[in-house]
Number of protein chains: 2
Amino acid sequence: MTTKFCRVPLWEAGRTLAAVAQGREPADTVIRDTRLINVCTGEILPHTDVAIRLGRIALVGDAGHCIGPETRVVDAGGRYLAPGFLDGHIHVESSMLTVREYARAVVPHGTVGIYMDPHEIANVLGLEGVSLMTEEAEGTPLKVMVTTPSCVPAVPGFEDTGACLEPEDIASTMPWDSVVGLGEMMNFPGILSGDERTHRIVAETLKAGKTVTGHYSLPETGAGLNAYVAAGIRCCHESTRPEDALAKMRLGMYAQLREGSAWHDLHEVARSVTEHEVDTRFACLVSDDAHPHTLAEQGHLDHILRRAVEEGIDVVTAIQMVTINCAQCFHMDDDLGSVTPGKCADMVLLEDLEGLKVRKVWIDGELAAEDGQMTAPPSPSPYRYPDRAKRTMNLGGPVTEERFAVSAAGRTQAPVRVIEVVPEKVGTFERRAVLTTVDGQFHADTQRDILKAAVLERHRETGKTGLGFVTGFGIQEGAIASTVAHDAHNLLVVGADDRDMAVAANALAECGGGLVVVRGGAVLCRVALPVAGLMNDERTAEEMSREVAELGRAWEAIGCRMASPFMTMALLSLACLPELRLTDRGLVDCRTFRFVPLIVEEEA
Amino acid sequence: MTTKFCRVPLWEAGRTLAAVAQGREPADTVIRDTRLINVCTGEILPHTDVAIRLGRIALVGDAGHCIGPETRVVDAGGRYLAPGFLDGHIHVESSMLTVREYARAVVPHGTVGIYMDPHEIANVLGLEGVSLMTEEAEGTPLKVMVTTPSCVPAVPGFEDTGACLEPEDIASTMPWDSVVGLGEMMNFPGILSGDERTHRIVAETLKAGKTVTGHYSLPETGAGLNAYVAAGIRCCHESTRPEDALAKMRLGMYAQLREGSAWHDLHEVARSVTEHEVDTRFACLVSDDAHPHTLAEQGHLDHILRRAVEEGIDVVTAIQMVTINCAQCFHMDDDLGSVTPGKCADMVLLEDLEGLKVRKVWIDGELAAEDGQMTAPPSPSPYRYPDRAKRTMNLGGPVTEERFAVSAAGRTQAPVRVIEVVPEKVGTFERRAVLTTVDGQFHADTQRDILKAAVLERHRETGKTGLGFVTGFGIQEGAIASTVAHDAHNLLVVGADDRDMAVAANALAECGGGLVVVRGGAVLCRVALPVAGLMNDERTAEEMSREVAELGRAWEAIGCRMASPFMTMALLSLACLPELRLTDRGLVDCRTFRFVPLIVEEEA
């Protein structure tokens, strides 16, 4: 691997480690009397010590002879020691925190490394955004492995983004020290249809010897999935049924079983391993997206491990899924993923195997967190995103309510397409509803839970606006708006009232983006996300969690009863997932990848 | 991986494969109705087709739609299809065949790739020898992955070799397309003692991102083994007890369970996985050395798989040990080791899982062997080793019987050190015997099975001769000689009679090296190995097996009752294995790495 994710590369440390293992030189740290979760053999080995030097493991076994006068000795008192947890697919932006604060939130939960796909910021700021987050990551002990966003825009031709990454741009990042692969290739239609540009992006990654991560969300597991895997894509976190995950593992693809804040797939997909007698080396556990509330209240991979055990996965097997399996997926198992000699001393001390409570976390041999708090010294210089990253609301002037008008085109009533959102699922459904014209326009109908939705281009002042209708939120009045609107992160507004929709849009324009709830022309609650309209670099996870909780109460105040509505809403415009989505260019049928009219012509 | 071991790299093939998987382009070959040994999940999946294009797998499942008018269709009739077998550690020279003939011997047994450590030829001819074998390998469909010999000489300072590979020499091979790693680091004393040169060799390999293979033959599995693994060494084939192999797997080292022609470790080491509830992903099966007779009569990895099953290893688990586990060990699982989309179409069709009889072998999608015979067209130009490679017997003139005289140094009798060889084991023991002087010299004593042994330097006409005694062969008269004498491959002679020893030495000098049995001043049988004194480039495996069988009868004729005595004899001078060995410089205690006198002084 690159030398980026360890204190000293193995080729420099090996000789010293061999000396320490034999007691000729003292260890920096010795952890005594652990119950070692051995992810290589799947065993639990009692009374095991670990000796550490230069941030790497020198010896696993009896380490009494490695202790010198200066050696720090930690008595584990028989507690369980596991390799540090690795999240094989994560978008930090979803936490609304910038990287350092994200690290502060997850490291105490045992996470030592993440495979970060900075796809969201790239849609707003391009490679500059990727660089900024990568740069910020250097100030944290968390190992932030970058996968270069592959699909910016997500579905070319269907939306306007702040940036566009061409194959050459992506190829240019492959030599970066921080880059270990390609971010989720969500343009599976491009892969399946043989689109040359899409395949070139994959090819450039493979040629650089790096890992291509995937996103294949079709229920089809035959010719299509085979084509997708054959293209060189190594892992995928988009399984929602046990048969999806099983099919992927059988095709030699790492099935990254997901338990994110807004989509709880594990209940279903865990059955791929609990109901089948399979070798589980191709199964991983990932979060994909984690809401600040989840991080603050439930944890990160420790929470997902608890969920996996609840679903019937053996605890050691589950731990393999966030350690060695993930490291092998990325060909980084020479350095990461197991507590064995030569590896980075990235480890987690667990109180027990029932609650999986994390007591201590070491990264590169240094204590990074203890009892839920970071202990690693904060970076000497705070990281501030540059102004350019905070001026991304480019709407070309105030938004007026006329921008949300849906013309009835001379009809008195007509059937329209309605996007149905489903709580905690990524998919949407296309529904139909007959609306009646008022003043020559179609309006929201809160009685039938049909709200108006709009996506306003916000990167380049193009003035483009996509209009549609949505059901599932249950809002009775007012409007909500968000610049967290996958994947183009344009300004998404949903409301019962055009005027409130305009107020919501302008409220976000004013603060550089974020989330807002408006009622009766006034802001009920606003969460500012000034960094690219996605993150706040001045909030802790707890503060952000509280702000978002307050926002949740505002949503409730206007009638929404959905859990985590923000992330469900944020996917309204995600044009790479079925069935129907709305972008700044209009309604997209994501099964056929065609724009479709709001009014259903053939039934008119 | 490099582009060397596939027909087309995945980054060039991916787009076409995706088209084939979906039936937009026809497959080159479709294999229908297999029972697929799925090494990813450890399952057997009935009624599975495989579609192939550009030498790679496009689809696994139902491939009816991939068949075009030109597609070759093979009906497997429900037979078992497994990934092609990979041997993670092998010295081709031990077969006495050169690479193409070796390939002709093993490919029909299901072997599609070997990790070749051309350590023997390197000791005679240096990197030139490595290049020659690598060059020859290009004329065979067998994938010959090279690991650069790490220890030439094996134990510096204890023997004279034809060449010496310095760290810079080794580093210079790392960019070679054919080189995937470092050959077995048998200088574990150097690793353990912190020898800078030895660690530099490992470091250069790690820095190049390639795999360091190991050789740790101590029974110690604590501090020493930890030190060895911590140095960056990823696999080891030197386990002889189940606890050795288990300790390695627990330390994240691939335990390459060995079943070679001359050492049958599997009976013991298989217990590491059959008697422990362990994840077996860190276990592999390797041959290390295969005698021509074994290849001709028993097979290669198919034979080792049968042995593994006999020892109680589940057959699918065993197949994982010669496919995906090996590929993962070398970080080559993106291309090799499983029948999954995108991988090289290297596959084996098995008649059944009981006999594991290999019916067909495909390499890069082409039928390479069928029913025990190669079907791949032979290389258009036969490969001939250059003269330089065939003139390696440099003894500086005829050998006289005086060269074998062991002076009694004025004693009438004295205790001497005797090397005890053990059939089918790599270890030797140090024994003592009191010999009585005749004519001022110590002679062989066939009544007590004590024979004289001599190692004559044969690379550079230095005239150096090491003398000793050996027990275990049971020879009653005459002499035997060999230039296959690990690892320096000097001229090794064992005999009951000094005159016959001289005749044997001269007989080999004459033919460029090989193996010979002499009785009463006459050659009983001789096997010529003119290429570096190690291989014959004009014999088939069957011919070589017959010649060696004849040699065996000659051994028997002079009294030897040992099975495979050649390879046991060949290790007499292997100064990196315990306990006592003989080199051209004298007797070496391989526990302490010190020269020891033949006559035991302290007891004299």
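Residues numbered from 1 in each chain as written. Chains lettered and ligands numbered in written order. Predicted model: local features only at pLDDT ≥ 70, side-chain atom pairs only at ≥ 80, totals over all residues. Heavy atoms only, no water.

## Some points on the environment of B:Glu25
Residue and element names in this part refer to chain B.
- By the secondary structure assignment, Glu 25 is in the loop between α1 (10-21) and β1 (29-38).
- Judged by relative accessible area, Glu 25 falls into the partly exposed class, the value being 28%.
- For the pair Glu 25 and Gly 68, spaced 43 residues apart in the sequence, the C-alpha separation amounts to 7.8 Å.
- In this view, Glu 25 contacts Thr 16, Ala 19, Val 20 and Arg 53; residues no more than four positions away in its chain are not counted.
- Within the local environment of Glu 25, its side chain forms a polar contact with the side chain of Arg 53, the two groups lying 3.0 Å apart. (Helix = DSSP H or I, 4+ residues; strand = E, 2+ residues; numbered from the N terminus. Buried < 20%, exposed > 50% of the residue type's maximum accessible area, 1.4 Å probe, protein only. Contact = heavy atoms within 4.5 Å. Polar contact = N/O pair within 3.5 Å; in protein donor to acceptor, adjacent residues only side chain to side chain.)

## Some words on helix α7 (residues 196-207) of chain B
- For α7(B), spanning 12 residues, the distance from its first C-alpha to its last is 16 Å, which sits close to the expected 16 Å at 1.5 Å a residue.
- Those residues of α7(B) that sit buried are B:Thr198, B:His199, B:Ile201, B:Val202, B:Ala203, B:Thr205 and B:Leu206.
- At its buried positions, α7(B) is contacted by α1 (10-21) of chain A together with α5 (167-173), β9 (179-185), α6 (188-193) and β10 (211-214) of chain B.
- One or two steps after α7(B), the chain reaches B:Gly209, where phi turns positive at roughly 75°. (Expected span 1.5 Å × (residues − 1).)

## Focus on helix α9 (residues 242-250) of chain B
All names here are of chain B.
- When you tally the buried positions in α9, you get seven out of nine residues, the bulk of the element.
- Listed as buried for α9 are Pro 242, Asp 244, Ala 245, Leu 246, Ala 247, Lys 248 and Met 249.
- Looking at the packing, one finds that the buried side of α9 touches α8 (223-230), β11 (235-236), β12 (254-258), α10 (266-269), α11 (271-274) and β13 (283-286).
- Downstream of α9 by a residue or two, Gly 252 has a phi angle that is positive, lying close to 75°.

## Points about the relation of the copies chain B and chain A
- Of the transformation superimposing chain B on chain A, the axial component is 0.0 Å and the angular component is 180°, with the fit at an RMSD of 0.1 Å. Both copies are brought into coincidence by an operation consistent with a two-fold rotation axis. No C-alpha of chain B approaches the rotation axis more nearly than that of B:His331, which lies at 3.2 Å.
- Here 100% of the contact residues of chain B are again contact residues in chain A; the copies associate through an equivalent surface. (Least-squares fit on C-alpha atoms with pLDDT ≥ 70 in both.)

## Focus on the environment of B:Ala82
All names here are of chain B.
- On the secondary structure map, Ala 82 appears in strand β5 (residues 80-83).
- Between the C-alpha atoms of Ala 82 and Asn 38, which are 44 residues apart in sequence, the distance is 7.3 Å.
- Not counting chain neighbours up to four residues away, the residues in contact with Ala 82 comprise Ile 37, Ile 319, Val 339, Asp 346, Met 347, Val 348 and Leu 350.

## Examining the sheet that holds strand β8 (residues 143-148) of chain A
Residues and elements named next belong to chain A.
- In space, the eight strands of this open sheet follow the order β6-β7-β8-β9-β10-β11-β12-β13, with parallel pairing throughout. Two strands bound the open sheet, and with one partner strand each, they are β6 (85-90) and β13 (283-286).
- Sheet analysis places β6 next to strand β7 (residues 111-116), joined by four bridges and oriented parallel. Looking at β7, one finds that Asp 87 is bridged to Ile 114. (Pairing = 2+ DSSP bridges.)

## Observations concerning the state of the cysteines
- Overall, the coordinates contain zero disulfides over all chains when judged by the stated rule.
- Free of any disulfide, B:Cys66 has its nearest cysteine sulfur in B:Cys344, 18 Å distant. (Disulfide = S-S within 2.5 Å.)

## A closer look at the confidence of the model for chain A
- Averaged over all residues, the pLDDT of chain A is 95; the fraction at 70 or higher stands at 99%.
- Predicted complex, confidence summary: ipTM 0.93, pTM 0.94. (pLDDT = per-residue confidence, 0-100.)

## As for the pattern of salt bridges
- A complete count under the given rule lists 100 salt bridges over all chains for this structure.
- Put simply, A:Glu370 and A:Lys360 hold a salt bridge, and the shortest N to O gap is 2.7 Å. Of this pair, A:Glu370 sits in strand β16 (residues 366-370) while A:Lys360 is found in strand β15 (residues 358-363), placing the two residues 10 residues apart along the sequence.
- Look at A:Glu370 and you get partly exposed, because its relative accessible area is 26%.
- Between B:Arg359 and B:Asp371 there is a salt bridge; the shortest N-O distance is 2.9 Å. Of this pair, B:Arg359 sits in strand β15 (residues 358-363) while B:Asp371 sits in the loop between β16 (366-370) and β17 (373-374); the two residues are 12 residues apart in sequence, bridging distant segments of the chain.
- What makes B:Arg359 partly exposed here is its relative accessible area of 23%.
- By relative accessible area, which is 45% here, B:Asp371 ends up partly exposed. (Salt bridge = Lys/Arg side-chain N within 4 Å of Asp/Glu carboxyl O.)

## Structural notes on the interface of chain B and chain A
- Contact residues are listed per partner, giving 59 residues for chain B and 59 residues for chain A.
- Together, the buried faces of chain B and chain A total about 4900 Å²; carbon and sulfur atoms form 53% of this surface.
- Counting the surface chain B buries against chain A, the share from its top three residues, B:Trp11, B:Arg15 and B:Arg281, is 15%.
- Linking chain B to chain A there are eight salt bridges.
- Across the pair B:Arg250 and A:Glu43 runs a salt bridge, and its minimum N-O distance is 2.7 Å.
- There are 26 residue pairs in polar contact (both at pLDDT 80 or more) connecting chain B and chain A.
- Every element with two or more residues in the side of chain B that touches chain A is listed here: α1, β2 (43-53), β3 (56-61), α6, α7, α8, α9 and α15 (324-329) of chain B.
- Counting residues per element, the side of chain B that touches chain A draws most heavily on α1(B), at seven residues. (Buried area = accessible area lost by both parts, 1.4 Å probe.)

## Some points on the pairing of strand β23 (residues 465-471) of chain B
Residues and elements named next belong to chain B.
- Here β23 lies mainly inside the structure; six of its seven residues are buried.
- In this sheet, β23 lies alongside strand β19 (residues 413-421) in parallel orientation, the contact comprising three bridges. Within β23, the position partnered with Ile 419 by the bridge is Val 470.
- Pairing of strand β22 (residues 450-456) with β23, which is carried by seven bridges, proceeds in the antiparallel orientation. Bridging across to β23, Ala 454 finds its partner in Leu 467.

## With respect to the sheet that holds β12(B)
Residue and element names in this part refer to chain B.
- Spatially, β6-β7-β8-β9-β10-β11-β12-β13 is the arrangement adopted by the eight strands of the open sheet, whose pairing is parallel. Looking along the sheet, the strands with just one partner apiece sit at the ends: β6 (85-90) and β13.
- Pairing between β9 and β10: three bridges, direction parallel. Residue Gly 181 lies in a different strand from β10, and its bridge partner there is Thr 211.

## Re the packing of α1(A) against α8(B)
- Here α1(A) crosses α8(B) at 175°, and the two axes come no closer than 8 Å. Classed by the angle they form, the pair α1(A) and α8(B) counts as roughly antiparallel. Each of A:Leu10, A:Gly14, A:Leu17, A:Ala18 and A:Ala21 in α1(A) lies in contact with α8(B), whose residues at this interface are B:Ala223, B:Asn226, B:Ala227 and B:Ala230.
- When grouped by side-chain class, the residues that make up the contact of α1(A) with α8(B) number seven nonpolar, two polar and no charged. (Axes fitted to C-alpha atoms, helices over the stretch in contact; angles between N-to-C directions. Parallel < 35°, antiparallel > 145°, perpendicular 65-115°, else oblique. Nonpolar A, V, L, I, M, F, W, Y, C, P; charged D, E, K, R; others polar.)

## Quick look at the packing of aromatic side chains
All names here are of chain B.
- In the structure shown here, the tally under the stated rule is 16 aromatic pairs over all chains.
- Taken together, a centroid distance of 4.6 Å and an interplanar angle of 40° make the contact between Tyr 254 and Phe 282 tilted. Remark: Phe 282 occurs in the loop between α11 and β13 and Tyr 254 occurs in strand β12; sequence separation between them is 28 residues.
- Residue Tyr 254 is classed as buried on the basis of its relative accessible area, which comes to 0%.
- For Phe 282, a relative accessible area of 4% gives the class buried. (Phe/Tyr/Trp six-rings, centres within 6.5 Å; stacked < 30°, edge-to-face > 60°.)

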